[in-house]
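Notes for the structure review
The primary structure of each chain is shown beneath.
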Amino acid sequence: FEDGTDQKIRGNQFRQHLGFDWIKSTMFGMSQRGSVYHLKGQGYGHGVGLCQWGSRELAKQGKSYAAILRNYYPRAKLESARALP
């Protein structure tokens, strides 16, 4: 914090604060050199394209399940299971 105090937060809270688009996964480490912080990470969650934390936030904003799925899978088509062979 700006007043010099420390506070522990979870990795996902840190990602949320900086932006889920900027830090794609909680699989990251952080180091400090002087006043500069370096983040190094890898991965995009489970690798299937749907971020659980991002979709949770969209749901909190009132987005429907269909809108959330369109956000992550824009070219997919939702159909009723009854329409399947």
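Starting from 1, residues in each chain are numbered consecutively following that chain's sequence as written. The model is predicted, so local features are restricted to residues of pLDDT at least 70 and side-chain atom pairs to those at 80 or more, both for listing and for counting; the totals for chains, interfaces and linings are taken over all residues. In computing side-chain values, all of the structure's heavy atoms are included and hydrogens and water are not.

**Structural notes on the packing of helix 2 (residues 52-60) against helix 3 (residues 65-72)**
Rule in force here: Only C-alpha atoms enter the line fits that serve as axes; for helices the fit covers just the stretch in contact. Angles between N-to-C directions range over 0 to 180 degrees. Per the convention used, a helix needs a DSSP run of H or I reaching at least four residues, while a strand needs a run of E reaching at least two, with both numbered from the N terminus. In what follows, roughly perpendicular refers to angles from 65 to 115 degrees, roughly parallel to angles under 35, roughly antiparallel to angles over 145, and oblique to any angle outside these ranges. Two helices that cross are described as forming a left-handed crossing if the nearer one is turned anticlockwise from the farther one by less than a right angle, and a right-handed crossing if clockwise. Residue contacts are counted whenever heavy atoms from the two residues lie within 4.5 Å of one another.
Between helix 2 and helix 3, whose axes approach to 10 Å, the crossing angle comes to 140°. Judged by the angle between their axes, helix 2 and helix 3 are oblique. Helix-helix and strand crossings are classified by hand; for helix 2 and helix 3 the assignment is right-handed. Contact residues: G54, S55, L58 and A59 in helix 2; I68, N71 and Y72 in helix 3.

**A word on the pairing of strand 1 (residues 28-33)**
Defined as follows: At least two bridges found by DSSP between two strands are what make those strands a pair.
With six bridges joining them, strand 1 and strand 2 (residues 36-41) adopt antiparallel strand pairing. Counterpart to M30 in the pairing with strand 2 is L39. Hairpin connection between strand 1 and strand 2: a loop of two residues separates the two successive antiparallel strands, and G34 in this loop has a positive phi of roughly 65°.

**Here's the deal with the pattern of salt bridges**
As a reminder of what qualifies: Any Lys or Arg side-chain nitrogen found within 4 Å of a carboxyl oxygen on Asp or Glu counts as a salt bridge. Per-residue accessibility, obtained with a 1.4 Å probe over protein chains only, is compared with the maximum for each type, and a residue is labelled buried under 20%, exposed over 50%, and partly exposed between these values.
According to the stated counting rule, one finds two salt bridges in the structure shown. K60 is paired through a salt bridge with E57; the nearest N and O atoms lie 3.7 Å apart. Here E57 and K60 lie together in helix 2, a separation of three residues that amounts to about one turn. We classify E57 as buried; its relative accessible area is 19%. Two residues, K77 and E79, come together in a salt bridge whose shortest N-O distance is 3.4 Å. Look at E79 and you get partly exposed, because its relative accessible area is 48%.

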